[in-house]
Amino acid sequence: MNNPLRDLDDRRIPRVAGPCGLVIFGVTGDLARKKVMPAIYDLANRGLLPPGFALVGFARRDWVDQDFAKIVHDAVKEYARTEFREEVWEQLVSGIRFVAGDLNSDESYDNLKRVVEELDITRGTRGNHAFYLSIPPGLFPVVIQQLKRSGLAESDADAWRRVVIEKPFGHDLASAQELNRVVGEVFPSGSVFRIDHYLGKETVQNMMAIRFANSLYEPIWNSNYVDHVQITMAEDIGIGGRAGYYDGIGAARDVIQNHLLQLLALTAMEEPTSFQADSVRLEKEKVLRAVVLPRDIEKHSARGQYAPGWQGGVEVKGYLQEDGIDPASATETYAAIRVDIDNRRWAGVPFYLRAGKRLGRRVTEVAVVFKRAPHLPFSATATKELSNNAVVFRIQPDEGLTVRFGSKVPGTALEVRDVNMDFAYGAAFTEDSPEAYERLILDVLLGDPPLFPRHQEIELQWNILDPILNKWAQKGQPEQYESGGWGPQSAIDMLARDGRMWRRP
Ligand code: BG6
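Not measured: the values here are computed from a predicted model.

1. Looking at the overall build of the protein
Counting its regular elements, the protein contains 15 helices and 18 strands. What you see for the protein is a C-alpha radius of gyration of 24 Å, in line with the 23 Å of a compact globule of 505 residues. Along the three orthogonal principal directions, the C-alpha set of the protein runs to about 80 × 60 × 45 Å. Taking all 505 residues of the protein together, the buried fraction comes to 56%.

What follows is the structure, given as C-alpha cells:
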C-alpha cells in the first residue's frame, strides 16, 4: 500500500551522525552564537554526534583554540536548550579548533586545510566535513571559490564535503541565479544545504503529518470549502542590533521570500508520493510555480515601518531612529501581500501573507479560513457571533492546532457562537521539541536533504516577490505604523477591499 508517511516512520530509528566535523565561517555573528553553537551542544548532549566530532571556527580574530572554545562555552551556557553537563562539554571542547584568517587570503584556507586534515587523524573525522557559511551573502562567492582552490571542497568515494548556506539567497531572482551558479560550479547539488530554519521547526513538519496522515482535512482542503488563507509571522521585537543586515533587505526579503512562501507551499501542495527529498520538493515547486500575483499589486500589498512609541510599557525607538539605520531609509519592517494559486484546487482562494516587526505580540500561524455554511437555518441574531470556521496551524509560540467552529451557547435561546478546539504540544506529548537548528544541522551531517529547499524553489520564490519589490521600490517611504499595534492602515484596507479582515492572533 502506498504510504507517504513511511519515510517519516523510518526516522524513528535514532539518527546519529557518523564521524565528521563542522567548520563555521562567521563565528562572531549572532546566528552562530545564539543558534548554531547551542544546537551543536544540544545534539552532543542528546548523543547524536560522534564522540570524535570536531568544530572549527574561522574568523579574522587574534584568537587561539581556547578563546574560541570560551565563545562556544558562553553561547552554550546562555542559549542551549538542554541542561549543561560537564562531561558532554569536555568531550565537545576536545574537538574545538580555531583558524585565525581572512576570507580573502589563500594562506588562511591552506591553514584551515591543515587543521581539518589534522582532525582527520586526531579525532577520526575521516575527511567528512561540512562548511557552514554564516556570513553576509556578498562573501559567499569568495569563500566558495577558496574552498575549491584549497581543495577543501573535494569529496571522494570515502569522504564527503558539504556546504551549508544561510539566507538571504540573493537579493532578487537574478542575484539568486548567479549565487546558485557559483555554488553549483564547486559543489554538486546533493552537497548543498540551504537553510530555511522554518522547515526545521517541529510544527512546520507537522503540517505535512496533519494534512496527509488524516482523513479529516484533505476532503475540505480546496476552493469548494476554503474562503482564503492567512499566513502571519508577527514579531514583537524590533531589528535589535541587526541594522547592518536588515536595512536594504526589509520584511519581504527577510522572511516572506523564504519562511512564509515555504509555509504557503506546505499548506497548498499536493500529497507527495513519498517524503523523500525529491518528491516533497517537486510538489512544493509545482505549487510555487502556480502562484500568480494580482494585476494591481499596489492595491493588494502593503508595507510599513514601525514608528517610535511604547511597547509593553517600554518606550521604543522607531525604525528610522534605530542605531545604524539611515534616517531616510525606505526599508519596510512590515509587509503584506496577496497571491493566488492558479490550479484546480485553489482557484479563487486568496492567500494573504504578512510579516512585521514590533507588532502586538510574537506569533506565527497559518489560518485556513473556510466559507460560511451555504445556508444557516437560524435567525440572523442567533448567528451574529458566528464567524467563519477555521483550521489554524499554530507554528509558535503556543505550538499546536486550533479548529474554530460554531457551537450553541448554553441556555434556553438558540444562539451560536465561535468556540475553539485546541491541540497543544505541551498537553499531548511529554517530549520537548528540538530546536529547528538541531534538526537541520543533524540532517546536514547525515546528508539527509528533504528539509532543505533546492535552488529551483529559491528561484521560484524570488520570481514571486520580484515584481512586488520592484513596484515598492518606485514608491518611496513606507507608511509608519504604531509599535505594539498590528501594522499599517494600508494593510487593513488591502483586506477590506476584498471584504475580509486580518485575524487578531
Ligand atoms: C529570521 C529572520 O529568519 O527569522 C529574523 O532573519 C527573524 O528577522 C527570525 O527575527 C525569526 O525566527 P523565529 O524562529 O523566532 O520565528
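2. Some remarks on the site of the ligand
Lining the immediate environment of the ligand, one finds 14 residues, of which Tyr198, Lys201, Glu235, Asp254 and Gln396 sit closest. Measuring from an oxygen atom of the ligand, one finds a side-chain N or O atom of His259 at 2.7 Å. Contact with the protein chains removes 84% of the 400 Å² of surface that the ligand exposes when unbound. Broken down by element, the shell around the ligand gets its largest block of residues, three residues, from helix H10 (residues 250–268). Of the residues contributing to the shell around the ligand, the split by class is four nonpolar, three polar and seven charged.

3. Details of the pattern of salt bridges
Summed over the entire model, instances satisfying the criterion amount to 36 salt bridges. Salt-bridge contacts for Arg454 lead to Asp278; the nearest nitrogen and oxygen are separated by 3.6 Å. Taken together, the residues Arg454 in the loop between helix H13 (436–446) and helix H14 (455–473) and Asp278 in helix H11 (residues 277–289) connect sequence positions 176 residues apart. Among the ionic pairs, Arg394 bridges to Asp422, the shortest N-O distance being 3.3 Å. Of this pair, Arg394 sits in strand E15 (residues 390–396) while Asp422 sits in strand E17 (residues 416–424), and the two are 28 residues apart along the sequence.

4. Details of helix H7 (residues 173–186)
End to end, H7 covers 20 Å across 14 residues, agreeing with the expected 20 Å (1.5 Å per residue, within 8%). Of all the positions in H7, only Leu173, Ala176, Leu179, Asn180, Val182, Val183 and Val186 are classed as buried. Contacts from the buried residues of H7 go to helix H6 (140–149), strand E5 (161–166), strand E6 (192–195) and H14.

Quick notes on the rules
Residues numbered from 1 in each chain as written. Predicted model: local features only at pLDDT ≥ 70, side-chain atom pairs only at ≥ 80, totals over all residues. Heavy atoms only, no water. Helix = DSSP H or I, 4+ residues; strand = E, 2+ residues; numbered from the N terminus. Rg over C-alpha atoms; globule rule 2.2 N^0.38 Å. Buried < 20%, exposed > 50% of the residue type's maximum accessible area, 1.4 Å probe, protein only. Near = heavy atom within 4 Å. Polar contact = N/O pair within 3.5 Å; in protein donor to acceptor, adjacent residues only side chain to side chain. Areas by Shrake-Rupley, 256 points an atom, 1.4 Å probe, with all protein chains shown as cover. Nonpolar A, V, L, I, M, F, W, Y, C, P; charged D, E, K, R; others polar. Salt bridge = Lys/Arg side-chain N within 4 Å of Asp/Glu carboxyl O. Expected span 1.5 Å × (residues − 1). Contact = heavy atoms within 4.5 Å.

Note that every value here comes from positions in space, so none of it alone points to a role or purpose.
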